[in-house]
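Descriptive analysis of the structure
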Amino acid sequence: MNPIVSGIMQVLTPTNFLFMLAGTVGGLIVGALPGLTATMATALIVPFTFTMPPLSGLATLGAIYMAAIYGGAFSAILVNAPGTPSSIGTCFDGYPMAKQGRGQEAIIAATISSVVGGLLGIIALALLAPPLAAVAIKFGPPEYFWVSIFGITIISTLSSKSALKGFIGGCLGILLSMIGISPVGGDVRFTFGISAMQGGIELICGLIGLFCIPEVLALIVQKAEDLERLKPKKVKGIIGTTTRQVLKQKVNLLRSGIIGTIVGIMPGAGGSIANLIAYNEAKRASKHPEKFGTGIIDGVIATETANNATVGGGLIPLLTLGIPGTPTAAVIYGALLIHGLRPGMELFTVHADITYGFIFSLLIATLMMLVVGLAVGTGLNELLSRLPVRILVPSIVFLSIIGSYAIRNNMADVFIMLAFGAVGYIIKQLEIDSGAVVLGLILGPLAEEGFVQSLLMSKALPVPWTIFFTRPLSILLIALSALSLFWPLISKLKAQRPGREEGFNV
Amino acid sequence: MRKISKVAILCLVIIMVTGTGVSTLASNKFPEKSVNYIICFNPGGESDITARLQHKYLEEALGQKVVIVYKIGGGGAIGWSELVRSKPDGYTISGDNLPHTIVQPLQRKDAGYTTEQLKRTYCFELTPNVLAVRQDSPFKTLEEFVEYAKKYPEAVTVGGSASWSAGHLATIELEHLADIKLTYIPFTGSGAAVPALLGGHVSALMTYTSMIGQHPEMRVLAVASDQRSPVCPDAPTFQECGYDLVEGCYRGVSVPPGTPDEIVNILAEAFDKVNRNPEFQSKMEELGYQMVYLGPEEYEKLVREKTVYYTELLRELDALAK
Amino acid sequence: MYNPDRTAAILMFVVVLIFTFQFSDIPSTYSRVFPKAVTWTLAILSAILLIQSWVTPRVAEYTDTRELKKVGLAIILMFGWIACIRFLGFYLASVVFFTLLMILVEPSLLKQNKLMASIFIAAVEIGAFYMVFTRALNVPLPRGIIFQ
């Protein structure tokens, strides 16, 4: 029998479906709780997969991974706390939607887009894995540096109110990410002499602090009449209408899916960057970019499509080259090795049945997510909207504490989370975009590593610095960064030229 | 009033039910409860894979549950400084990597722990360093590699995992022994360095035997061990090529300072039993790990010897913390 | 009233100083070169912002002082919560501060004799989460003296 068909047949057993369902539900919960990550969930499950046949084990792990990335959207939409770094951008429009009582709409949109994004990533994995992997290794340190610079330039579109302050926030984020051990040189720096700070700032703690705590404080001071906004409006047939609304945005879905897949392929980047780039591109391409950030469904669609597409994308370098693109992929890698499956072309030839079975199981898990996600999401939305604020507030704080502790089992992280909360509140008063700070926090380490490694690489060149500007891929990335940086200016010029609009007051 | 007291009683009951796990102090038979096994590195890495493979056998050997706890950060320092502050009762143990736990306290002003604080219990594996290049690399032998590096100082880039790791130290030692100048480029992990080699961004990798089994695209020029490795039997050792270079990453377990010797011995016996399990051994060797069987004293001795050696090496490089 | 631009610029200069003072502690150039570049960038951007704050001045209203007090109190309570885990144990500290935060949101709880009910809710919710996390999900939680 054709190994692909036999692999697919092997997946179709009741036990495998049961495992995958459990994985989906578990992944969803873990993803929705900030601080519990897909990486931890999969690492916990790995020992149980030893006794399973390899395919069942992989299917379970894959289901957890897919569902956890999607589950992050719940907490992002409902309490403004991205459950995973992959859902940062979902906060921007998802939470305003929930505040307007459109939480259910946001959750449905997130679900449908996650499924579409997941499917796009899987299709790329099944059909294009080897050629795409060849592209992935073309990215060396200089390219990673320019990729992160490109990521930083998003700020000029993201913080459209004041790009200058956005970039200031970005610099602040980068500086904070430098605390701890330096990636090249291995020195301890900026720890104020506290040895517990050697661990640096865990991204999740920063996220919870920056996004979640200021919202809690806002809830505490808000007046009773404002609370009414949280009450959801019941709309009949909302699943159908929202689904149609989402599927109408074909370009947005496709673009975000491709962004997610490509960013997922690059080792080290992953969903946390993909969702922000997709958000940025959706905003740039939109006819009404000013509505982004106010609770527009397009934003949720872009981020959630992109982050689930990174799942398939991230598995491409893993399965073809044995290079895990994301931390969760690293755990799946460990599981593969333990089962005696060596990543590489062998997986697509000798073990083709297992590989294609695994890919097919991801497909099924994605569809399971649709059903489970809609049910759980609707329930959670109902529950949270009924919870009185006096219980909601301490509950969010409680979960923030558990989450920031659980991520590394470190009490110092909880204090750091709270410190970030205070910083988040202050910069909100100063009108600095906390999204920009987070972007700096994510991209800082990537940028530094690429930058210093490139410097080392070019030590023996006649003119060391030229390495940043001479490689073809780097030049392409520089052009993209320049375009992204000056986009607000370009779009202004474009708007003025036809003379239809009155022009902006500068 | 009555209502309130009812509620209060309920509260108490809940507190009592949920707050189980009150510790029993006297321990005449260790272990009486589950043992926490701290892993200081990311899931999916070598330390994690080893612990996951040990897990089942270790639970059998100890007769208790073993819970794997991740304390990641600072290149392992966060986990180790947590360990030395834990109760010395044997219920908290931690993976211990050499040279990390020797070099970090030497090189950092305050690593949060000292090398002597970790009470060595058992050392179970070694992954020797290997110098590897891409299959299509012009360097066919170590000799060619060294010759080229002599002609073009600093032009040969060697990737590896992190600064002051075994790979970094091995690169420095090779520079000394062969009198060449290389450029060492650290990556965030041994896995993260592989794409840089495959993409041609670095000329070679100073990696570990455990990576070779996974990546057939690499060709090993030499192994930094006193014996050839079963994962690359055709590759000579550095010693065979005339360079006395033996370097690698040892992994074992340690307990907090002040843990009673009886408990240390019980733990060491359990790990020894796991290590001698043929099923476990074959899995480990398949993945490129070299088994070692060092009990508490031998392990401690190894650490003392290595400490002297690394202190000297770091002093020469002017890298000791001031 | 305050100028958010100017305040932001000044605060960022403080950040620049804090980081600049620590550069001399870093032994290797490779650990220094990138943070130095970013610190300089931040300093330049903040200087531009400072100039901008005079060229095109903007003002923001201070938040209501009563609100500020509430925010300050909330942050102190959260800090206390985390700090007390060490002494009271995770469960007890959480119940105490959960209840205190509830009272902060709705001070009327104290008057309406709803205090016991609130404590009850806190105890049950935290207990439930505690069980789910430690038993079902196998996630270790912070430890203290009384409840490990």
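This is a predicted model, so every value here is computed, not measured.

A tally of helices and strands in chain A yields 23 helices and two strands. Against the globule reference of 23 Å for 506 residues, chain A gives a C-alpha radius of gyration of 22 Å, in line with a compact fold. The 506 residues of chain A split such that 66% are buried. Across chain A, contacts joining residues at least 24 apart in sequence account for 77% of those joining residues at least 6 apart. Here chain A has roughly 17200 Å² of accessible surface; of this, 70% comes from carbon and sulfur atoms.

Let's shift gears to the packing of aromatic side chains. For the structure shown, the criterion picks out 34 aromatic pairs over all chains. Here Tyr309 of chain B and Tyr310 of chain B contribute two aromatic rings whose centre-to-centre distance is 5.6 Å and whose plane-to-plane angle is 55°, an arrangement assigned as tilted. Overall, the relative accessible area of 39% leaves Tyr309 of chain B in the partly exposed class. Accessibility expressed as a relative area gives 1% for Tyr310 of chain B, which makes it buried. Aromatic ring contacts, followed pair by pair, group Phe145, Trp146, Phe451, Trp465, Phe468 and Phe469 of chain A together with Phe34 of chain C into a single cluster. When the ring centre of Tyr91 of chain B is taken as reference, the NZ or CZ atom of Lys33 of chain B above it lies at 4.8 Å.

Of the residues lining the interface, 64 residues belong to chain C; the matching set on chain A comes to 62 residues. Summed over both sides, the interface between chain C and chain A buries roughly 5600 Å², with carbon and sulfur atoms accounting for 81% of that surface. The three residues of chain C that bury the most area against chain A are Tyr30, Phe34 and Ile82 of chain C, which together make up 13% of that side's buried surface. Along the contact surface separating chain C from chain A lie three salt bridges. Here Glu106 of chain C and Arg390 of chain A are joined by a salt bridge, their closest N and O atoms 3.6 Å apart. Of all the secondary structure elements, the ones that give two or more residues to the side of chain C that touches chain A are helix H1 (4-22), helix H2 (29-55), helix H3 (65-88), helix H4 (90-105) and helix H6 (115-136) of chain C. When residues in the side of chain C that touches chain A are grouped by element, the largest group, 14 residues, is from H2 of chain C. Residues that form the side of chain C that touches chain A fall into these classes: 47 nonpolar, 11 polar and six charged.

Turning our attention to the packing of helix H7 (residues 141-153) of chain A against helix H20 (residues 434-457) of chain A. Residue and element names in this part refer to chain A. H20 packs onto H7 with a crossing angle of 150° between their chain directions and a minimal axis gap of 7 Å. The angle between H7 and H20 falls in the class roughly antiparallel. Once H7 is placed against H20, the crossing between them reads as left-handed. In this structure, H7 contributes Pro141, Pro142, Tyr144, Phe145, Ser148, Gly151 and Ile152 to the contact, and H20 contributes Leu439, Gly440, Leu443, Leu446, Ala447, Gly450, Phe451, Gln453, Ser454 and Met457. Here the residues of the contact of H7 with H20 are counted per class, giving 11 nonpolar, six polar and no charged.

All names here are of chain B. With an omega of -5°, the peptide bond running from Phe30 to Pro31 counts as cis. Structurally, Pro31 can be placed in the loop between helix H1 (2-18) and strand E1 (35-39). For the bond from Leu98 to Pro99, the omega torsion is 10°, close enough to zero to count as cis. Tracing the backbone through its elements, the reader meets Pro99 in the loop between strand E3 (92-98) and helix H4 (100-107).

Before going further, it helps to spend a moment on the packing of helix H2 (residues 14-32) of chain A against helix H4 (residues 54-79) of chain A. Residue and element names in this part refer to chain A. Packing of H2 against H4 brings their axes to within 6 Å, and their N-to-C directions diverge by 30°. Taken together, the axes of H2 and H4 are roughly parallel relative to one another. Crossing hand, H2 versus H4: right-handed. Taking contact as the criterion, the partners of Asn16, Phe19, Met20, Gly23, Thr24, Gly27, Leu28, Gly31 and Ala32 in H2 are, on H4, Ser56, Ala59, Thr60, Ala63, Ile64, Ala67, Ala68, Tyr70, Gly71, Gly72, Phe74 and Ser75.

Moving on: the environment of Thr191 of chain A. With respect to the helices, strands and loops of the structure, Thr191 of chain A is situated in the loop between strand E2 (188-189) and helix H10 (203-221). Here the alpha-carbon distance between Thr191 of chain A and Ala274 of chain A, two residues 83 residues apart in the chain, equals 30 Å. Beyond its immediate stretch of four places on either side in the chain, Thr191 of chain A contacts Gly180, Met197 and Gln198 of chain A together with Gln22 of chain C.

All names here are of chain A. Given a rise of 1.5 Å per residue, 12 residues ought to cover 16 Å, and the 17 Å separating the end C-alpha atoms of helix H5 (residues 88-99) matches this to within 8%. In terms of residue burial, H5 counts as a mostly covered element, since 11 of its 12 residues are buried. Ile88, Gly89, Thr90, Cys91, Phe92, Asp93, Gly94, Tyr95, Pro96, Met97 and Ala98 are the residues of H5 that are buried. Phi turns positive one or two residues past the end of H5, at Gly101, with a value near 85°.

What counts and what doesn't
Residues numbered from 1 in each chain as written. Chains lettered and ligands numbered in written order. Predicted model: local features only at pLDDT ≥ 70, side-chain atom pairs only at ≥ 80, totals over all residues. Heavy atoms only, no water. Helix = DSSP H or I, 4+ residues; strand = E, 2+ residues; numbered from the N terminus. Rg over C-alpha atoms; globule rule 2.2 N^0.38 Å. Buried < 20%, exposed > 50% of the residue type's maximum accessible area, 1.4 Å probe, protein only. Contact = heavy atoms within 4.5 Å. Areas by Shrake-Rupley, 256 points an atom, 1.4 Å probe, with all protein chains shown as cover. Phe/Tyr/Trp six-rings, centres within 6.5 Å; stacked < 30°, edge-to-face > 60°. Lys NZ or Arg CZ within 6 Å of the ring centre and 35° of its normal. Buried area = accessible area lost by both parts, 1.4 Å probe. Salt bridge = Lys/Arg side-chain N within 4 Å of Asp/Glu carboxyl O. Nonpolar A, V, L, I, M, F, W, Y, C, P; charged D, E, K, R; others polar. Axes fitted to C-alpha atoms, helices over the stretch in contact; angles between N-to-C directions. Parallel < 35°, antiparallel > 145°, perpendicular 65-115°, else oblique. Left-handed = near helix turned anticlockwise from the far one by under 90°. Expected span 1.5 Å × (residues − 1).

Read these as spatial facts, not as claims about activity.
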